[in-house]
Amino acid sequence: MKGILLVNLGSPRSTAVNDVKEYLDEFLMDEKVIDYRWIFRALLVRGIILKTRPAKSAEAYKTVWTDQGSPLIVITEKIQKKLQKLVDVPVEIGMRYAEPSIETGIQKLVDKGVSEIVLFPLYPQYAMSTTETVIEKAEEVRKQKFPKVKINYIQPFYNRDIYINCLAESIKEKLPENFDALQFSYHGVPERHIYKTDPTKTCNLNDCCSRESNPSHQFCYRHQCFDTTNKVIEKLNLPREKTIVSFQSRLGKDKWIEPYTDETLETIPKKGIKNLAIVCPAFVSDCLETLEEISVEGKEQFLHGGGENFHYIPCLNDEDRWIEVVKTLCEEKLNEFYLV
Ligand SMILES: C=CC1=C(C)c2cc3[nH]c(cc4nc(cc5[nH]c(cc1n2)c(C)c5CCC(=O)O)C(CCC(=O)O)=C4C)c(C)c3C=C
Ligand SMILES: [Fe+2]
Ligand SMILES: [Fe+2]
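None of these values were measured; they are calculated from a predicted model.

What follows deals with a nonpolar patch on the surface. Taken together, Trp38, Ile39, Phe40 and Leu43 make up a surface patch of nonpolar side chains, about 440 Å² in accessible area. Among the structural elements, leucine 43 can be located in helix α2 (residues 38-64).

Here is the structure:
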């Protein structure tokens, strides 16, 4: 029997500082996220970051937490429920960090008699710290706990027509009537991650990310973000000069991919952009990074820089058209099981 596992990043179990600390420890000790040798990672994460960040992050989580829990988990559950109504195989969710874990999700499917799983990492663009760590973790769990189970992984879908149409339509519906610019703010990654995962060693994080065709693009997160943006701009028929791409949420002292969202938000009002619409297409569901970092902090930065109107465009969340895309992508992979 076949089944579907939707995988998202995960959130702390509550906004208590200790729960946030436990979550951040698992997240940041992942060597695909902070890719230093264990001893240096432990010194940085446990010796420095976890001393102060959990209290700060817990305060931020409190501002977005709902009666049902973390927005990211609640929305992923809504996607699961809606998808379950459209497909005739069991659908479960699993989080890369904290609960419900990938193991919990696979166990629930196995308990329902599933032996062939389509696993969907809910990230449009490939990154070592997202898609790659999800697949690595799922393979580790499968080998150790479920050796008879087969897993088929859905690949990044940043450039698929069905996804681009869906994202473009969603944005179009929510765009305000008057705006000076539409900003696409993607989660950032350290530059080092892009060099590390480039099998061709040709990406220089410059023009090659935006070049038409280049073998490095399959693993270049920066390229994939530009490509999603360009395809949406084309669909919406937007003048290029009315659009901005930037990268948010950087952590630590390393150089992350540029331009940075916070700096952009502070400076664009001085260039005449007073009315801004902003969307975050690296996230399929709203979460701390969109609801707090962009909608609240980002708005403050923009207004502080002299901006006047800040319009946040929510993620796809559980919109019906997005659930249809999830269904199509899952069905493609479910069908592959029949071919082998
Ligand atoms: C596109 C998706 C994401 C990428 C790429 C990514 C890389 C990445 N993130 C951190 C550090 C943190 N991220 C945090 C929250 C967070 N990150 C993503 C997605 C991506 N991260 C999401 C969806 C969330 C929100 C989770 C939620 O519960 O809502 C956090 C925790 C919050 C905080 O303390 O700020 C950290 C830390 C790194 C270091 C990284 C790449 C190396
Ligand atoms: Fe993150
Ligand atoms: Fe690149």
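Packed helix pairs are specified by the crossing angle of their axes together with the interaxial distance, meaning the distance between the axes. Contact geometry of helix α6 (residues 161-174) with helix α8 (residues 221-236) gives a least axis separation of 9 Å together with a crossing angle of 60°. Here α8 runs oblique to α6, going by the angle between their axes. Where α6 crosses over α8, the handedness of that crossing is right-handed. Facing Tyr163, Ile164, Asn165, Leu167, Ala168, Ile171 and Lys172 of α6, the residues of α8 in contact are Thr228, Lys231, Val232, Lys235 and Leu236.

Per-chain confidence: the protein averages 96 in pLDDT, with 99% of residues scoring 70 or above. Taken together, the chains of this predicted complex give a pTM of 0.97 and an interface ipTM of 0.97.

Moving on: the pairing of strand β3 (residues 116-121). Among the 6 residues of β3, 6 are classified as buried, and the element is accordingly described as predominantly covered. Residues Glu116, Val118 and Phe120 line one face of β3 and the alternating positions Ile117, Leu119 and Pro121 line the opposite face, and both faces are buried. Across 6 bridges, the pairing between strand β1 (residues 2-8) and β3 is parallel. Paired with valine 7 across the bridge in β3 is proline 121. By the bridge criterion, 4 bridges tie β3 to strand β4 (residues 150-153) in an arrangement that is parallel. Its bridge partner lying in β4, leucine 119 is registered against tyrosine 153.

For the rest of this paragraph, the subject is the site of ligand 1. Taken together, 26 residues form the shell around ligand 1, and within it Ser11, Arg53, Ser57, Tyr61 and His187 come nearest. Across the shell around ligand 1, the residue classes break down as 16 nonpolar, 8 polar and 2 charged.

Attention now goes to the UniProt feature "binding site: Fe(2+)" (unreviewed entry) in the protein. Following the UniProt record, the feature "binding site: Fe(2+)" (unreviewed entry) maps to His187 and Glu289 here. The annotated residues occupy 103 residues of the chain but converge on a single region, no pair of C-alpha atoms lying more than 8.2 Å apart. Topologically, histidine 187 is positioned in strand β5 (residues 181-187). In this structure histidine 187 touches Tyr221, Phe247, Gln248, Ser249, Trp256, Ala282, Phe283 and Glu289, once residues within four positions along its chain are discounted. Structurally, glutamate 289 is set in helix α10 (residues 288-291). Setting aside residues no more than four positions away along its own chain, glutamate 289 makes contact with His187, Gln248, Ser249, Phe283 and Ile294.

Parameters at a glance
Residues numbered from 1 in each chain as written. Chains lettered and ligands numbered in written order. Predicted model: local features only at pLDDT ≥ 70, side-chain atom pairs only at ≥ 80, totals over all residues. Heavy atoms only, no water. Patch = residues over 30% accessible without salt bridge, like charges linked within 9 Å, V, L, I, M, F, W, Y side chains within 5 Å. Areas by Shrake-Rupley, 256 points an atom, 1.4 Å probe, with all protein chains shown as cover. Salt bridge = Lys/Arg side-chain N within 4 Å of Asp/Glu carboxyl O. Helix = DSSP H or I, 4+ residues; strand = E, 2+ residues; numbered from the N terminus. Axes fitted to C-alpha atoms, helices over the stretch in contact; angles between N-to-C directions. Parallel < 35°, antiparallel > 145°, perpendicular 65-115°, else oblique. Left-handed = near helix turned anticlockwise from the far one by under 90°. Contact = heavy atoms within 4.5 Å. pLDDT = per-residue confidence, 0-100. Buried < 20%, exposed > 50% of the residue type's maximum accessible area, 1.4 Å probe, protein only. Pairing = 2+ DSSP bridges. Near = heavy atom within 4 Å. Nonpolar A, V, L, I, M, F, W, Y, C, P; charged D, E, K, R; others polar. UniProt positions renumbered as here; feature names shortened; annotations may be inferred.

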